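Structural description and commentary
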Amino acid sequence: MNMVLKAYRRKLDIRNGLVDLSHGAGGRAMGQLIEGIFHKAFDNDWLRAGNDQSAFQVPAGRMVMTTDGYVVSPLFFPGGNIGSLAVHGTINDVAMAGATPLYLSASFIIEEGFPLADLARIAETMGEASREAGVPIVTGDTKVVERGKADGVFISTAGVGVVPPGLDLRSDAARPGDAVIVSGSIGEHGVAVMSKRENLEFEVDIVSDTAALHGLTAAMVGAGGAHLRLMRDPTRGGLAATLNEIANQSKVGFRIDEDGIPMRPEVAAACEFLGLDPLNVANEGKLVAVVAPEGAEAILAAMRNHPLGRDAAIIGHAVSDEHCFVQMETSFGGGRIVDWLSGEQLPRIC
Amino acid sequence: MKYIDEYRDGRLAKDIARQITALADPDRSYHFMEFCGGHTHAISRYGLEDLLPANVRMIHGPGCPVCVLPIGRIDAAISLAMRPEITLCTYGDLMRVPGSEGSSLLKAKAAGADIRMVYSTLDAIRIAEQEPQREVVFFAIGFETTTPPTAMAIKMAIARDLPNFSVFCNHVLTPAAIQNILESPDVRKLGTVKIDGFIGPAHVSTVIGTEPYEFFAEEFRKPVVVAGFEPLDVIQAILMLVKQVNDGRHEVENQYIRAVTIFGNEKAQAEVATYFELKESFEWRGLGQVPYSALRLRAQYARFDAEKRFDLETPAASDNPACECGAILRGVKRPADCKLFGTVCTPDTPMGSCMVSSEGACAAHWTYGRFREKAKEANAGRAVA
């Protein structure tokens with residue numbers, strides 16, 4: 001009797017197991033890891049096809065593509081983890097072009113010794129985030145590096161989407177007189193991550209704002225696409241870096257009003273405590289939009305009707321300024337520059 | 001935010017600013033030095049200059065511990081950190097301060113030195129406990145405010161019998177520096193720096209009280225108002241100084257009554273006195289050698305003194321000759337008077353210490369206030385045209 005014996009495979013011990021070098025070596029163990037964790041978490045037809053790439057249909061319009069790397073520490077923080085961040089961040093980069101995000105890729109660099117349970121948790125969160133957003137992860141890659149050569153897990157993602165015909169948001173499109181709108185309270189992601197950082201742990205009732213914003217951007221495009229000049233998500237470097245980037249690319253200045261910037265008191269208090277400027281603190285579920293004055297109210301109203309834009313506010317205007325300064329009227333009635341961050345934002349001695 | 005928002009009330013600030021304008025004699029000018037970088041930061045960040053009349057001018061003083069640390073001490077810390085057995089623990093402010101030839105602790109870290117950024121002395125103690133095979137050195141820096149935590153760390157190291165913890169002491173004293181400025185030729189003989197009064201740092205006075213300022217308020221006939229770091233504190237202190245000058249008074253007044261007393265925190269002072277003693281002389285960047293202006297560990301605690309324990313020398317090193325930090329720290333020049341300011345010297349490419357520390361006068365002016373220079377330039381251009 002001809003009988004092919006099925007090779008014995010030790011079950012992936014997700015609860016207690018650790019990632020080892022064999023999980024990245026291209027052999028059976030790697031296949032088991034990909035199947036047992038990633039395919040299970042991301043489950044879709046494209047992945048099930050088992051190719052090293054995915055083929056898909058795209059609608060008419062201009063394609064948008066983005067790529068991003070995630071190296072956050074700690075990996076798990078209140079309101080999310082590196083996985084949800086990777087999905088949301090990449091979707092948002094596509095959405096800021098006014099595009100509909102369609103597909104994502106995800107590449108993992110995993111440090112030898114990383115707990116399989118944590119990897120599974122990250123992958124499950126990514127799967128949930130991508131399903132919730134309706135943007136599937138259709139291809140990926142896994143590498144394992146020796147202990148000490150990475151910090152747990154690094155994730156690289158790419159995203160593609162399509163901009164509907166007629167919409168062309170450009171980073172150099174801001175014009176004097178345009179309104180600057182933020183979609184909600186700033187600084188929550190940065191404070192949530194810092195609150196769990198080793199040697200800095202503090203109790204704060206703040207969770208990361210990490211969220212996919214393509215629903216909000218679609219509502220904005222629907223309410224006044226013709227008046228939308230540009231959108232940007234103020235992630236690393238915070239609101240300050242984003243406004244300075246736009247100012248320099250568009251060759252305008254900005255004047256913003258400190259009192260008009262939405263911020264939760266807990267964020268203000270935590271920043272005060274740490275000696276940080278909340279304008280430099282990262283966000284993961286907020287956007288900044290520059291809008292022609294005639295469209296500002298309609299777009300603002302549409303944002304406020306969306307759950308992720310409830311607290312949207314006009315915080316200032318673009319002005320003519322050859323130096324491209326972002327200036328702010330302080331809550332105190334004086335004026336100051338809102339500058340780029342120099343190096344890393346470091347807590348002060350006193 | 002309770003206890004914060006009350007001191008950031010713009011309406012009240014404008015009211016105080018109106019009082020200052022009403023009281024400031026238009027036929028004279030008022031020059032007040034805010035000694036502490038915390039005040040400089042508050043003035044710049046909240047745009048207080050915009051609220052003051054033109055004849056009330058603020059001069060930024062040397063009160064930033066990072067700014068006044070000479071290059072040689074940074075070089076010494078870097079050489080210490082590069083030793084394979086050493087873990088150097090430092091506050092974040094010091095990471096980017098340039099040493100000689102563009103070196104810094106940040107660059108030393110990238111080159112392999114074990115440098116850890118800590119938020120308190122207790123973090124350094126914890127590292128020493130957790131890693132007994134390492135020699136953990138705490139880079140102690142700061143005015144009277146940060147000295148008690150260093151004293152407490154030594155106390156804990158003794159209590160826990162930690163053989164691998166020591167301190168590279170750079171603690172400096174405020175009154176000695178103010179006295180040095182008032183005795184400098186610039187102020188006393190040449191009259192190039194006009195100082196009509198001081199805003200004293202409240203955090204320092206929570207420890208030492210207001211009493212240490214009595215001597216030179218009397219001796220130099222300059223009013224001192226000890227003030228907090230919230231914008232309302234600062235503007236109220238300016239009003240108090242204007243009133244003193246108008247009245248011909250030179251007293252020590254306490255604006256920060258919510259935390260400062262005449263004699264300060266005597267328990268903290270006693271802890272500091274247990275472990276530290278006055279050093280005969282210490283070099284301040286910009287001020288040179290200032291007698292009795294710093295602390296060192298007492299002889300019986302020499303085993304916690306990193307300089308003795310590791311035979312650490314402070315190499316002689318000088319600033320970039322074009323850098324005006326020295327003059328800026330003494331109030332002789334303003335940041336924009338320096339040729340390097342905003343050209344080769346910015347917070348991204350700092351040449352001098354005033355630009356490195358976020359509390360430094362140049363960094364504060366660059367980060368928050370440089371639009372004023374541009375506005376002046378533009379106005380001058382229009383006037384000429």
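What counts as what
Note that residues are indexed from 1 along each chain, following the sequence as it is written. To label them, take the chains in the order written and letter them from A, then take the ligands in the order written and number them from 1. With the structure being a predicted model, the display of local features is reserved for residues of pLDDT at least 70 and the display and counting of side-chain atom pairs for 80 or more, all residues being used for whole-chain, interface and lining totals. No hydrogens and no water enter the side-chain calculation; it runs on all heavy atoms of the structure. Helix numbers and strand numbers start at the N terminus; a helix is a DSSP run of H or I with at least 4 residues, a strand a run of E with at least 2. Computation of the radius of gyration draws on C-alpha atoms, with the globule rule given as 2.2 Å multiplied by the number of residues to the power 0.38. Accessibility here uses a 1.4 Å probe with only protein chains present; expressed as a share of the type maximum, an area under 20% marks a residue as buried, one over 50% as exposed, and anything in between as partly exposed. What makes two residues a contact is simply this: any of their non-hydrogen atoms within 4.5 Å. Residue exposure ignores everything except the shown protein chains as possible cover, and the areas themselves are Shrake-Rupley values with a 1.4 Å probe. Positive charges come from Lys and Arg, negative ones from Asp and Glu, while His and the chain ends are left out of the count. Lys charges are placed at NZ, Arg charges at CZ, Asp charges at CG and Glu charges at CD. UniProt positions are given in the numbering used here, feature names are shortened, and annotations may be inferred rather than shown by experiment. Pairing of aromatic side chains here covers Phe, Tyr and the six-membered ring of Trp, requires ring centres within 6.5 Å, and sorts the geometry by plane angle: under 30 degrees stacked, over 60 edge-to-face, intermediate tilted. Paired strands are those between which DSSP finds at least two bridges. A fitted line through C-alpha atoms represents every axis, and for helices the fit uses only the stretch in contact; the resulting angles, taken between N-to-C directions, go from 0 to 180 degrees. For this document, the term salt bridge refers to a Lys or Arg side-chain nitrogen within 4 Å of an Asp or Glu carboxyl oxygen. A score between 0 and 100, pLDDT records how confident the predictor is in each residue. Pairs of N or O atoms are called polar contacts if they sit within 3.5 Å, as long as, within protein, a hydrogen donor faces a hydrogen acceptor (for residues adjacent in sequence, only side-chain-to-side-chain pairs). Should an angle fall under 35 degrees it is called roughly parallel, over 145 degrees roughly antiparallel, and 65 to 115 degrees roughly perpendicular, with every other angle called oblique. For any pair of crossing helices, the crossing counts as left-handed if the nearer helix is rotated counterclockwise from the farther one by less than a right angle, and right-handed if it is rotated clockwise. Amino acid classes used here: Ala, Val, Leu, Ile, Met, Phe, Trp, Tyr, Cys and Pro are nonpolar; Asp, Glu, Lys and Arg are charged; the rest, including Gly, are polar.

**Side note on the overall build of chain B**
- Scanning chain B from terminus to terminus reveals 16 helices and 11 strands.
- Rg of the C-alpha trace for chain B: 21 Å, near the compact-globule value of 21 Å for 385 residues, within the 12% margin.
- By its C-alpha atoms, chain B is 65 × 50 × 45 Å across when sized along the principal axes.
- A buried classification covers 59% of the 385 residues belonging to chain B.
- For chain B, restricting intrachain contacts to residue pairs at least 6 apart in sequence, the fraction spanning at least 24 positions comes to 76%.
- On chain B, roughly 15,600 Å² of surface is accessible, and the fraction owed to carbon and sulfur atoms is 53%.
- Taking the average location of the 43 positive side-chain charges in chain B and that of its 48 negative ones, the two points are 3 Å from each other.

**Overview of the UniProt feature "domain: PurM-like N-terminal" (unreviewed entry) in chain A**
- Sequence positions flagged by UniProt for "domain: PurM-like N-terminal" (unreviewed entry) are, in local numbering, residues 51-163 of chain A.
- End C-alpha to end C-alpha, residues 51-163 of chain A measures 27 Å, and it is 28% helix and 40% strand.

**Quick word on the packing of aromatic side chains**
- Under the counting rule described, the total for this entry stands at 14 aromatic pairs over all chains.
- Ring centres 6.4 Å apart and planes at 20° place the aromatic pair Phe42(A) and Phe108(A) in the stacked group. Taken together, the residues Phe42(A) in helix H1 (residues 28-42) and Phe108(A) in strand S4 (residues 100-111) connect sequence positions 66 residues apart.
- Classification of Phe42(A) by relative accessible area gives buried; the value is 5%.
- Look at Phe108(A) and you get buried, because its relative accessible area is 1%.
- Here Tyr30(B) and Phe32(B) contribute two aromatic rings whose centre-to-centre distance is 6.2 Å and whose plane-to-plane angle is 45°, an arrangement assigned as tilted.
- Residue classification places Phe32(B) among the buried positions, given a relative accessible area of 0%.
- One aromatic cluster is present, formed by Phe38(A), Phe42(A) and Phe108(A) through successive ring pairs.

**Observations regarding the sheet that holds strand S9 (residues 253-257) of chain A**
Residues and elements named next belong to chain A.
- Judged by pairing direction, the sheet is mixed, and its seven strands sit side by side in the order S8-S10-S7-S11-S9-S12-S13 without closing on themselves. At either end of the open sheet lies a strand with only one pairing partner, and these are strand S8 (228-232) and strand S13 (335-337). Across the sheet, the mean angle separating the axes of adjacent strands is 25° when strand polarity is ignored.
- Taken together, the four bridges between S9 and strand S12 (residues 326-329) define a ladder with parallel strand orientation.

**What about unusual backbone geometry?**
- Cis geometry marks the peptide bond from Ser73(A) to Pro74(A); its omega dihedral reads 0°.
- Relative to the assigned elements, Pro74(A) resides in the loop between strand S1 (62-70) and strand S2 (76-77).
- With a phi angle near 50°, Glu101(B) is a residue other than glycine that sits in the positive phi range.
- Tracing the backbone through its elements, the reader meets Glu101(B) in the loop between strand S3 (86-90) and helix H4 (105-110).
- Positive phi, close to 45°, is recorded for Tyr292(B), a residue that is not glycine.
- Mapping Tyr292(B) onto the fold places it in strand S11 (residues 288-297).

**As for the pattern of salt bridges**
Residues and elements named next belong to chain A.
- Summed over the entire model, instances satisfying the criterion amount to 37 salt bridges over all chains.
- For arginine 229, the salt bridge identified is with aspartate 178, shortest N-O distance 2.8 Å. Linking arginine 229 in strand S8 with aspartate 178 in the loop between strand S6 (153-163) and strand S7 (179-182), this pair joins segments that are 51 residues apart in sequence.
- Judged by its relative accessible area of 0%, aspartate 178 falls in the buried class.
- Note that aspartate 277 is salt-bridged to arginine 336, the shortest N-O span being 3.1 Å. Residue aspartate 277 is located in the loop between helix H8 (265-274) and strand S10 (288-291), and its partner arginine 336 is located in strand S13; the two are separated by 59 residues in the primary sequence.

**Quick word on the confidence of the model for chain B**
Residue and element names in this part refer to chain B.
- Chain-level statistics for chain B give a pLDDT mean of 91 and a share of 98% at 70 or above.
- Here helix H16 (residues 361-384) stands out as the least confident element of chain B, with mean pLDDT 78; strand S6 (residues 165-171) is the most confident, with 98.
- The complex model carries a pTM of 0.87, and its ipTM stands at 0.81.

**Points about the interface of chain B and chain A**
- Contact residues are listed per partner, giving 43 residues for chain B and 28 residues for chain A.
- Linking chain B with chain A are three salt bridges.
- We note a salt bridge from Arg45(B) to Asp277(A), for which the minimum N-O separation is 3.9 Å.
- Connecting chain B to chain A are seven residue pairs in polar contact (both at pLDDT 80 or more).
- Counting residues per element, the ones that place at least two in the side of chain B that touches chain A are helix H1 (10-23), helix H2 (37-45), helix H5 (121-130), helix H11 (231-247) and H16 of chain B.
- Of the residues forming the side of chain B that touches chain A, the biggest block, seven residues, is contributed by H16(B).

**Looking at the packing of helix H3 (residues 82-95) of chain A against helix H4 (residues 116-133) of chain A**
Residue and element names in this part refer to chain A.
- Two elements in contact, H3 and H4, have axes separated by 7 Å at closest approach and are oriented at 30°. Classed by the angle they form, the pair H3 and H4 counts as roughly parallel. When the axes of H3 and H4 are compared, the crossing they make is right-handed. Here Ile82, Gly83, Ser84, Ala86, Val87, His88 and Ile91 of H3 lie close against H4, whose contacting residues are Ile122, Thr125, Met126, Ala129, Ser130 and Ala133.
- Counted by class, the contact of H3 with H4 contains eight nonpolar, five polar and no charged residues.

**Quick word on the sheet that holds S3(B)**
All names here are of chain B.
- The parallel open sheet is built from four strands, whose spatial order is S4-S3-S5-S6. The two strands at the open ends of the sheet, each matched to only one other strand, are strand S4 (114-117) and S6. Put simply, the sheet's adjacent strands are angled 25° from each other on average, direction ignored.
- Of the pairings in the sheet, the one linking S3 to strand S5 (residues 135-142) comprises four bridges and is parallel in character. Pairing of cysteine 89 across the sheet is with phenylalanine 138, part of S5.
- Contacts between helix H6 (residues 147-159) and the sheet are confined to S5 and S6, with S6 contributing the most and set at about 160° to the helix.

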